[in-house]
Each structure stands twice: as C-alpha cells, then as structure tokens.
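Here is what each chain is made of, one letter per residue.
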Amino acid sequence: MSGGGPARKVPGPAGRRPQKPAAPRRPAPARRPHTIRLGSPRPRLRLVSLGLTFVMLAFVVRLLQVQAVDASAYSAKATENRFASHTLAAERGEITDRKGVALATSVDAYDITADPKMFTPQESKAPDAPEQAAALLAPILGKDAKAIAGLLKTKNTRYVVLARRQTPQVWNQIKDLQRVFAQKATADRKNNGPGANVLAGVFKDDSSKRVYPGGDLAAGILGYVNADGKGGGGLESALDKKLAGKDGELTYAQSGGRRVPTAGSSEKPAVPGEDIELTIDRDIQWAAQSAITEQVEKSGADRGYVIVQDTRTGEVLAMANAPGFDPGDLSRASSAAMGNAALQDVYEPGSTAKVMSMAAVLEEKKATPETHVEVPNRLHRGDRLFKDDIDHPTWYLTLNGVLAKSSNIGTILATGQLGATQPEANRVLYSYLTKFGIGQPTGLGYPGESRGILARPEAWSTSQQYTIPFGQGLSLNAMQAASVYSTIANAGVRIEPTLVRGTKGPDGRFTPAPAPDKNRVISEATAKTLAAMLESVVDDQEGTGTKARIPGYRVGGKTGTSNRVDPATGRYKGYTASFAGFAPADNPRVTVYCAIQNPTKGSYFGGQICGPIYKKVMEFALKTLQVAPTGTAPAGLPVTYEQGS
C-alpha cells in the first residue's frame, strides 16, 4: 500500500468477539490423600432380622400345624408305621357230658398271617413277590393261590390273615420254607444280587382249633364251628356267646414286620369262654347212636332217631341221629345229615300217639281199662271207612286191649265218648294234646327246632277228627314224642326237657341251669293206670311190642306204624316206624323213644324194627344208671273179654 498510510483492521469471523488476553493460571493446590469411610450397618441388620423373622415364623406356623392342627393324623401315621396290633383270640369253652367228659374242646393252633408291605417290590426285592409266595403257600394252607395273592396285595394295612386255626405241622412246613429262602437270599446278596425273600412277611399268631374227640358222637346236639371260629349250628351256635368268651388285643412296637422286644407293649388279655356241661351221658349216647345207625343201614331207611330221657328230671341222656356227620371234618358232611333231625323233622307219629287219647278217656272218666270195646273189621265214619293194620274178625277187646293190640277202630270208638257230639269230643282231645306239648315248643330252645303241626279242633277236617286220635293228621318231632311218655312215667307231670346242666366260668365256679318248668297234665292215678296198660303192649302175648321185653324189668311201651308224608312230593309214601316206652314200669326211671323214616328193606312195623332198638338201648341205660331190677309182677290187665259177658 502506497503512501505509507495507516494500516486497515481486518474484521474477524462474524459474531466473534475479540479475545481478551488470557489471565495467568494459578498453580493447582496439592491433592489430599483418599479416605475410605464405612457405611452404616443398621440397614443390613434390619434386612437380616426381617429375613430371619420370616423363616422363624414359617417354622412356628409349620410346628403349630404339625403339633396342634394335624397332630392326630401324624400321630396315627407314626403309630401305624411303628406299632402293630392284632386280636388275641379267646379260648373257646369246652362242651362236656354230664360226667365232665369232653365232647367238644379246643387245642393249640396258629393263625397264619402276613404283612402286605413286606411283599411290595421295594421291601421284598422281587416284582412278583405276592404271586411267588401264594404259589408256595396255597398247597400248604389248602387255599386258592389267587386268593392268597390278593390278600398279600392288600393296601393300607400291615396285617392280614391268610388262614385260621392251622395245626403246628402246617406252621412247621412254612418255617422250613422260610429258612430255605432266607439262606438263598443271604447267598444272593453276597454275590451282589437283590437278595429277594418272598416269604419273610409271613407270620403266625397263637390261636386254637375246635376238635370233637368222639367224631360224629352227639354231632346233632353239638353242631359245629365255622371257619371264623363262630358257632355254625347246634349248641355251638345257640350258646356261642357263652362259649366264645371275649377277645383281647395286643399292641407292640415293630420294625420290618418283627416285634421289638425292648420297646414294650400293651395287652388287653382275652377272657376265656365258659364250659358247658350237658345232661348227655356219653356212654348212653354211644349206645343209642350205634343202635340207630345199624338199624337205619339194615332197613335201607332215610334216617332215624333215638332219644333217652330221665323221667324224674326231664334231662336228655341221649339224642342220636342217623345218618350223622363229623363236625371236625365238614368237607365230608352231607347237608342232609347236618342239623338235629330229632328236633327238626316233623312227622305223623301213628299209634304211639294213642296213649294221649287213652289218657283223655281215663282222665275224663269215660272208661276204665276193663271197659268192653267191640271192634269190627271196618268202621264207617265221616266220608270214609277206617280199618286196623290187619284184617280181622270182630274183636272183643277191653280198653286195655285196644291199646295192647293198637286198634285204630277201637281208639276212634273210645275217644268218641269224650263229648256228647263229635265237635265237643274234638275240643276235649285237643286240650289234652296241647297239655302234653303237641304243637308247642319243647322248651329246649334249640336252633331250628320245629314245634310240629296241630290245627285247632274247629279246623279239623271230616277225616282228621277220626284220624288224629290214632296219630295221623297231626305232626310232632321225636323229642315231643319222648316227652309224652316221660310225662306218664313221671306220675302225670310234664317236665320241660333239658340238654344243659350248667356252665363253668373261667374262675371254675359251676352255675346250674335254671330249673325247667313243670305242669300237671293228668292225675297220678291216671298215669299209673296208663303205665299198667302200656305193660300189656310188651308183656301180653297179644301185644304188639313183645320184642321190647327186658328180662328182670317190667317194661311199658307202645308201637307205632304210620303213613309217611314224603318231603319231596308232599304225598304219602312209605312209613314211619316207631316205639316209645319207659322202665321199670312200676317205678319209672328212663324213657326211650325210637323212630325210623321210610324203611325199605324187611319189615316196616314199629314193633319189629324199633322194638329191638328200644330193648338194646334201654338195657344199656338201666345198667349204666345202675337201676335195680323190678321185684314185683306185672299188673296183668285183661286184653279181651268173652262175647256176651
């Protein structure tokens, strides 16, 4: 630029102010060393405390639930796992005869039990332990293998019963098998195997088994005990509460199915049952049963019964049935033979019932033993002709002879005198039949006993009003029939028959049975007259019961042969043969009654096939009871009379 003029200012960037000269910097102060300061612990402690509080609260809540709310449930589970309980079976009382000889008793036996938990795969180390064990046990216990396996698989229990009342020999077989399997399991574990033992969970409980020393002796009276140890029939059933006693209970600590001996136990002892003493005499029972069994087989009969009764007390000394059964081996028993046919069968008695008709005639003073009765060969009454067992010319019999020769026609004629009209006579006869116990319970209280059939007199049909006097058209059982003769032998007083003399408790104290009811049926004089008339049946040559004579003893008795109603068809088919009587006739001590149903071989008349049984059993009973021979002569009442006298 020429001229050297003043210099021109060059403008800076737009908006930029001219910068001031920088002020001189002060030197930076020296740094202090860094100090670490600790935080406050209180927040952390509060947090930890809060956490612990929640944890403790959870424990407290759980503890309250376990110990208070669910205490019973957990206690039960603990008890279930730790403790085992089972029933202590009471010893069943004995049944003895009148002399204390055992007819039914109990012997030591075992209930075979199992712990199902020990048959699970986890415990047994075998996936099919129940099936394996069942296959081994079934032939020993005589049970179905599937049924046993089902029991071994039972859930929610540590105790099942596989079989009751097994003999010691059965348990010994199981023990032997357990020993073998235990040895195999031990050897298997040594070889690193599972060591399965499928029988480890099988145990035994002490029990008892019912046995009958006499086999089938008195089985009809005794009955039997079922598989559960309860009375299943007869007196075993009727007196089950007395015989059974009261079961106890044992609770003990266990581990692995085994009792822990050091852990203690609680026991409620079982109370033994009472012993029952019967009125039966074992020896007389044996004689009666042997005699009737032999005759039933010989006669090809359906069945038969014999009853022996003490006339002074009403006690039954024997009650035998044929065919019988063994209550200790029911697998071989016939259902038709089980029970007590002497009390449960009902049948038309036939001529043995005529003694009640004669009792009514004598007691009402309508005749005496010497009264004459003209007996034609046929008698028309109502809508039919009546006859005797045999065709005969007109008989001229005394009332005693009507009974001795067992005339149906003579009996109809005699009982017709009981009333001015036939309906009135029927009512009088009915009153005596009921007083003798016909159509009424015997008083024994035996299960299934029949009371027989006796319609009221106004319901008697035209024929019944004439057949009932000679024993057709009414039904009874053998005990009722025997009781009729015992009533006459006991001077006209009926004593309810009894089978039980008393009971003996666990303390050994004997308690007699209540005294039986007594009622007078006929007067003593009438009873003595009837006894003399019954002697004529046996003692007189024209009597029908001569086969029942016993040397040295006066015997009174009556034969019976009646049409029999077939239970299968309800129609008359075959016969009932019977004989009833007592001895000694002048001072009676024993009544014997025998009946055989539907004999098909040989004779079917009561005097022919039951008379000998009566004799055999009566002779045995008189000797057993040491009854002295009779020292007086028979009454010798007349049987016939001379025509025109």
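Just so we're clear, the structure is a prediction, and the values are computed from it rather than from any experiment. (Residues numbered from 1 in each chain as written. Predicted model: local features only at pLDDT ≥ 70, side-chain atom pairs only at ≥ 80, totals over all residues. Heavy atoms only, no water.)

Overview of the overall build of the protein
On a plain count of helices and strands, the protein comes out with 20 helices and 24 strands. Across the 645 residues of the protein, 46% fall into the buried class. Put simply, of all contacts in the protein between residues at least 6 apart along the chain, 72% involve residues at least 24 apart. Looking at the protein as shown, the accessible area adds up to about 33,600 Å², and 52% of this sits on carbon and sulfur atoms. (Helix = DSSP H or I, 4+ residues; strand = E, 2+ residues; numbered from the N terminus. Buried < 20%, exposed > 50% of the residue type's maximum accessible area, 1.4 Å probe, protein only. Contact = heavy atoms within 4.5 Å. Areas by Shrake-Rupley, 256 points an atom, 1.4 Å probe, with all protein chains shown as cover.)

Description of the sheet that holds strand S22 (residues 556-565)
Think of a sheet as strands paired side by side through backbone hydrogen bonds, with each pair either parallel or antiparallel. With antiparallel pairing, five strands are arranged side by side in an open sheet as S13-S12-S24-S23-S22. The open sheet has two edge strands with one neighbour each: strand S13 (316-322) and S22. Across this sheet, the average inter-strand angle for adjacent strands is 10°, counted without regard to direction. Taken together, the eight bridges between strand S12 (residues 303-310) and strand S24 (residues 590-597) define a ladder with antiparallel strand orientation. Across the sheet, the residue bridging to Val308 is Val592, located in S24. The strands touched by helix H10 (residues 282-299) are S12, S13 and S24; relative to S13, the strand with the most contacts, the crossing angle is about 25°. (Pairing = 2+ DSSP bridges. Axes fitted to C-alpha atoms, helices over the stretch in contact; angles between N-to-C directions.)

Let's talk about the side chain of Asn408
The topology assignment puts Asn408 in helix H14 (residues 408-415). The contacts of Asn408, once residues within four sequence positions are left out, are Ser351, Lys354, Lys387, Asp388, Asp389 and Phe470.

Concerning the pattern of salt bridges
Scanning the model with the defined rule gives 23 salt bridges in all. With its nearest N and O atoms 3.4 Å apart, the salt bridge here joins Asp329 to Arg332. As a salt-bridge pair, Glu524 and Lys528 come within 3.6 Å of each other at their nearest N and O atoms. Note that Glu524 and Lys528 are positioned in helix H18 (residues 524-539) at a spacing of four residues, about one turn of the helix. Residue class for Glu524 comes out partly exposed when judged on its relative accessible area of 41%. A single salt-bridge network, built from bridges that share partners, covers Arg92, Arg210, Glu236 and Asp240. (Salt bridge = Lys/Arg side-chain N within 4 Å of Asp/Glu carboxyl O.)

Here we look at the environment of Thr186
Within the secondary structure, Thr186 is located in helix H6 (residues 168-190). Distance from Thr186 to Ala196, taken between C-alpha atoms, is 8.7 Å for residues 10 residues apart in sequence. At 3.0 Å, the side chain of Thr186 and the backbone oxygen of Ala182 are in polar contact. (Polar contact = N/O pair within 3.5 Å; in protein donor to acceptor, adjacent residues only side chain to side chain.)

Thoughts on the nonpolar core
Formed by 88 residues in total, the largest nonpolar core has its most connected members in Leu278, Met319 and Leu530. The element contributing the most residues to this core is helix H17 (residues 478-489), with eight residues. Counting 33 residues, the second-largest nonpolar core is a separate cluster that includes Tyr553, Ile596, Ile613 and Met618. (Core = buried A, V, L, I, M, F, W, Y, C linked by side-chain atoms within 4.5 Å.)

What to know about a nonpolar patch on the surface
Residues Leu50, Phe54, Leu57 and Val61 make up a contiguous nonpolar surface patch of roughly 400 Å² in combined accessible area. By the element assignment, Leu57 lies in helix H1 (residues 42-69). (Patch = residues over 30% accessible without salt bridge, like charges linked within 9 Å, V, L, I, M, F, W, Y side chains within 5 Å.)

Regarding the packing of aromatic side chains
This model, assessed by the stated rule, comprises nine aromatic pairs. Look at Trp286 and Phe620: their rings are 6.4 Å apart centre to centre, the planes differ by 55°, and that puts the pair in the tilted class. Residue Trp286 is located in helix H10, and its partner Phe620 is located in helix H20 (residues 611-624); the two are separated by 334 residues in the primary sequence. On the numbers, 5.7 Å between centres and 80° between planes, the contact of Tyr396 with Tyr641 is edge-to-face. Note that Tyr396 is positioned in strand S17 (residues 395-398) and Tyr641 in the segment after H20, a separation of 245 residues in sequence. Residue Tyr641 is classed as buried on the basis of its relative accessible area of 14%. The rings of Phe386, Tyr466 and Phe470 are connected pair by pair, giving a single aromatic cluster. For the cation-ring pair, Lys184 lies above Phe181, with the distance from its terminal atom to the ring centre recorded as 5.5 Å. Its guanidinium or amino end placed over the ring of Trp395, Lys405 lies 4.6 Å from that ring's centre, counting from NZ or CZ. (Phe/Tyr/Trp six-rings, centres within 6.5 Å; stacked < 30°, edge-to-face > 60°. Lys NZ or Arg CZ within 6 Å of the ring centre and 35° of its normal.)

Comments concerning unusual backbone geometry
A negative phi angle characterises most non-glycine residues, just as the trans form characterises most peptide bonds. In the segment running from Ala322 into Pro323, the intervening peptide bond is cis, with an omega of 0°. Checked against the element boundaries, Pro323 lands in the loop between S13 and helix H11 (341-344). With omega at -15°, the peptide bond leading from Ala583 into Pro584 counts as cis. Mapped onto the secondary structure, Pro584 falls in the loop between strand S23 (572-583) and S24. Although it is not a glycine, Asn598 adopts a positive phi angle of roughly 60°.

Considerations on helix H4 (residues 129-141)
With 13 residues, H4 extends 18 Å between its outermost C-alpha atoms, agreeing within 8% with the 18 Å of an ideal straight helix rising 1.5 Å per residue. At Ala135, H4 shows its largest kink, close to 30°, and the proline Pro139 lies no more than four residues downstream. Looking at H4, one finds that the buried residues are Ala129, Pro130, Ala133, Ala134, Leu137, Ala138, Ile140 and Leu141. Where H4 is buried, its residues meet strand S3 (102-114), helix H3 (121-124), helix H5 (145-152), strand S4 (160-166), H6 and strand S5 (202-211). (Expected span 1.5 Å × (residues − 1). Bend = angle between axes of the 7 residues up to and from the residue.)

A short note on helix H12 (residues 354-363)
Across the 10 residues that make up H12, a large majority, nine, are buried. When H12 is considered as a whole, its buried residues turn out to be Lys354, Val355, Met356, Ser357, Met358, Ala359, Ala360, Val361 and Leu362. Against helix H13 (399-404), H14, helix H15 (422-435), H17, H18 and S22 lie the buried residues of H12. With its phi angle positive at about 60°, Lys365 sits one or two positions after the end of H12.

Some details on the packing of H12 against H18
In the contact formed by H12 and H18, the axes pass within 10 Å of each other and the chain directions differ by 135°. The angle between the axes of H12 and H18 places the two elements in the oblique class. The handedness of the crossing between H12 and H18 is right-handed. Contact residues: Val355, Met358, Ala359, Leu362 and Glu363 in H12; Thr526, Thr529, Leu530, Met533 and Leu534 in H18. (Parallel < 35°, antiparallel > 145°, perpendicular 65-115°, else oblique. Left-handed = near helix turned anticlockwise from the far one by under 90°.)

Considerations on the confidence of the model for the protein
Mean pLDDT over the protein stands at 88; residues scoring 70 or higher make up 89%. Ignoring residues within four places in sequence, the model shows residues 1-10, a span with pLDDT below 50, making zero contacts including any to other chains. Here residues 12-16 scores under 50 on pLDDT; set against residues more than four positions off or in separate chains, the count is zero contacts. (pLDDT = per-residue confidence, 0-100.)

A word on the side chain of Ser536
Relative to the elements of secondary structure, Ser536 occurs in helix H18. Overall, Ser536 belongs to the buried group, its relative accessible area being 5%. The contact partners of Ser536, leaving out residues within four places of it in the chain, are Asn400, Ala404, Gly543 and Leu637.

Remarks on the pairing of strand S19 (residues 500-504)
In the sheet, strand S11 (residues 275-278) pairs with S19 via four bridges, with the strands oriented antiparallel. Bridging across to S19, Ile276 finds its partner in Thr503. Across three bridges, the pairing between S19 and strand S20 (residues 510-512) is antiparallel. Looking at S20, one finds that Lys504 is bridged to Phe510.

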